[in-house]
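Coordinates in review
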Amino acid sequence: MLVLTGIAVALILSSITSHVYAESKDIAVARTLFQQRCNTAGETIKRTVEDVDGLLLLKIRSRNINYSQQFVLDDPYGRDLTGDGYMESFLGAHHDLPGHIERAEGRIAPPQRQVGYMYVDASDPKDGKRYRYTGFIEQPGLKDPRYLKGYFRVVLVSSPTSEPAPRYGVTYEDISTADDRRYWIAGSSLKVIDLLRN
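On a predicted model such as this, the values are computed, not experimentally measured, just so you know.

Of the regular secondary structure elements, the protein holds 5 helices and 9 strands. For the protein, the α and β elements follow one another from N to C terminus as β-β-α-β-β-α-α-α-β-β-β-β-α-β. Looking at the protein residue by residue over its 198 residues, the buried ones come to 33%. When contacts within the protein are restricted to residue pairs at least 6 apart in sequence, those whose partners lie at least 24 apart make up 70%. Surface accessibility of the protein: about 12,800 Å² in total, with carbon and sulfur atoms responsible for 52%.

What follows covers the pairing of strand β5 (residues 119-123). By the criterion of burial, β5 is predominantly enclosed, with 4 of the 5 residues buried. When strand β4 (residues 54-57) meets β5, the two strands line up parallel, connected through 4 bridges. By the bridge assignment, Gly 54 is partnered in β5 with Tyr 119. By the bridge criterion, 4 bridges tie β5 to strand β6 (residues 130-138) in an arrangement that is antiparallel. Directly across from Ala 122, in β6, lies its bridge partner Tyr 131. Taking the residues between adjacent antiparallel strands as the criterion, β5 and β6 are bridged by 6 residues, where Gly 128 takes a positive phi near 75°.

All right, on to the side chain of Glu 88 then. Relative to the helices and strands, Glu 88 is located in helix α2 (residues 83-88). Not counting the four nearest positions on each side in its chain, Glu 88 is found in contact with His 94, Val 154 and Leu 156.

With that settled, consider the pattern of salt bridges. Enumeration over the complete set of coordinates arrives at 9 salt bridges. Asp 180 is the salt-bridge partner of Arg 37, the closest N and O atoms lying 3.0 Å from each other. Linking Arg 37 in helix α1 (residues 24-40) with Asp 180 in helix α5 (residues 178-182), this pair joins segments that are 143 residues apart in sequence. A salt bridge links Asp 144 to Arg 146; the shortest N-O distance between them is 2.6 Å. Residue classification places Arg 146 among the exposed residues on the basis of a relative accessible area of 70%.

Let us now look at a nonpolar patch on the surface. Taken together, Tyr 147, Leu 148 and Tyr 151 make up a surface patch of nonpolar side chains, about 310 Å² in accessible area. Mapped onto the elements of the fold, Tyr 151 is located in the loop between β6 and β7 (153-160). According to the relative accessible area criterion, Tyr 151 is partly exposed, its value standing at 36%.

Leu 55, Leu 57, Phe 90 and Val 120 are the most contacted members of the largest nonpolar core, which has 16 residues in total. For this core, the secondary structure elements donating two or more residues are β4, α2, β5, β6 and β8 (168-174).

Along the chain, Tyr 86 turns up in helix α2. A residue is classified by how much of its surface remains accessible, and Tyr 86, at 5% relative accessible area, is buried. Residues Tyr 86 and Leu 57, spaced 29 residues apart in sequence, show a C-alpha to C-alpha distance of 9.7 Å. Apart from the residues lying within four places of it in its own chain, the contact partners of Tyr 86 are Leu 57, Lys 59, Ile 60, Arg 61, Leu 81, Val 170 and Tyr 172.

Turning to the packing of aromatic side chains, a few remarks are in order. All told, the structure shown has 3 aromatic pairs when counted by the stated rule. Relative to Phe 90, the ring of Tyr 86 lies with its centre 5.3 Å away and its plane at 90°, an arrangement referred to as edge-to-face. Looking at Phe 90, the relative accessible area reads 15%, which means it is buried. Residues Tyr 147 and Tyr 151 carry aromatic rings whose centres are separated by 5.8 Å and whose planes lie at 0° to one another, so their mutual orientation is stacked. Put simply, the rings of Tyr 86, Phe 90 and Tyr 172 pair up and form one aromatic cluster. Positioned above the aromatic ring of Tyr 172 is the side chain of Lys 59, whose terminal nitrogen or guanidinium carbon lies 5.0 Å from the ring centre. The ring of Tyr 119 is capped by Arg 132, whose NZ or CZ atom sits 3.8 Å from the centre of that ring.

Cut-offs used in this document
Residues numbered from 1 in each chain as written. Predicted model: local features only at pLDDT ≥ 70, side-chain atom pairs only at ≥ 80, totals over all residues. Heavy atoms only, no water. Helix = DSSP H or I, 4+ residues; strand = E, 2+ residues; numbered from the N terminus. Buried < 20%, exposed > 50% of the residue type's maximum accessible area, 1.4 Å probe, protein only. Contact = heavy atoms within 4.5 Å. Areas by Shrake-Rupley, 256 points an atom, 1.4 Å probe, with all protein chains shown as cover. Pairing = 2+ DSSP bridges. Salt bridge = Lys/Arg side-chain N within 4 Å of Asp/Glu carboxyl O. Patch = residues over 30% accessible without salt bridge, like charges linked within 9 Å, V, L, I, M, F, W, Y side chains within 5 Å. Core = buried A, V, L, I, M, F, W, Y, C linked by side-chain atoms within 4.5 Å. Phe/Tyr/Trp six-rings, centres within 6.5 Å; stacked < 30°, edge-to-face > 60°. Lys NZ or Arg CZ within 6 Å of the ring centre and 35° of its normal.

This is how it looks when you write it as structure tokens:
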């Protein structure tokens, strides 16, 4: 069973790093601002939808990671999964990797619950076409001696599609302000949208 939950999350990160020399007044301001952002962060679920096979990714994450441009209001969470990894993370094959299954043995998800989607669609900015991405798990060491046996990976497959677009889309946006970034605070909103009803 697939469950899609409509959420809007504002997650805030604070990283006043050791290479940033801040006055104690600045640190106090940063802590206060960070706490204010945390107090307004949260999740809103408007409705839950079952039996969703696929999603439309309204934005895909860049392959380039912003390591040092503090004031660029981009995706603050783009470091965890970039490019194809972002698309893979939505697919059932990604969640069926042996490492994920082993971590789930503590029964984070009930064993009968399917996690992940059969496909995701996304537009390629290079050609403007919508592609459908699916994935499968392979063990390359069975055929290629350069890989260890027991190593598994997801193989992402994409092809242009003229199938109807999925009803539900996922997007993110940076909700930081210039003041937030001045104090090394970043925030993001993640939304699941019913594209039929907006």
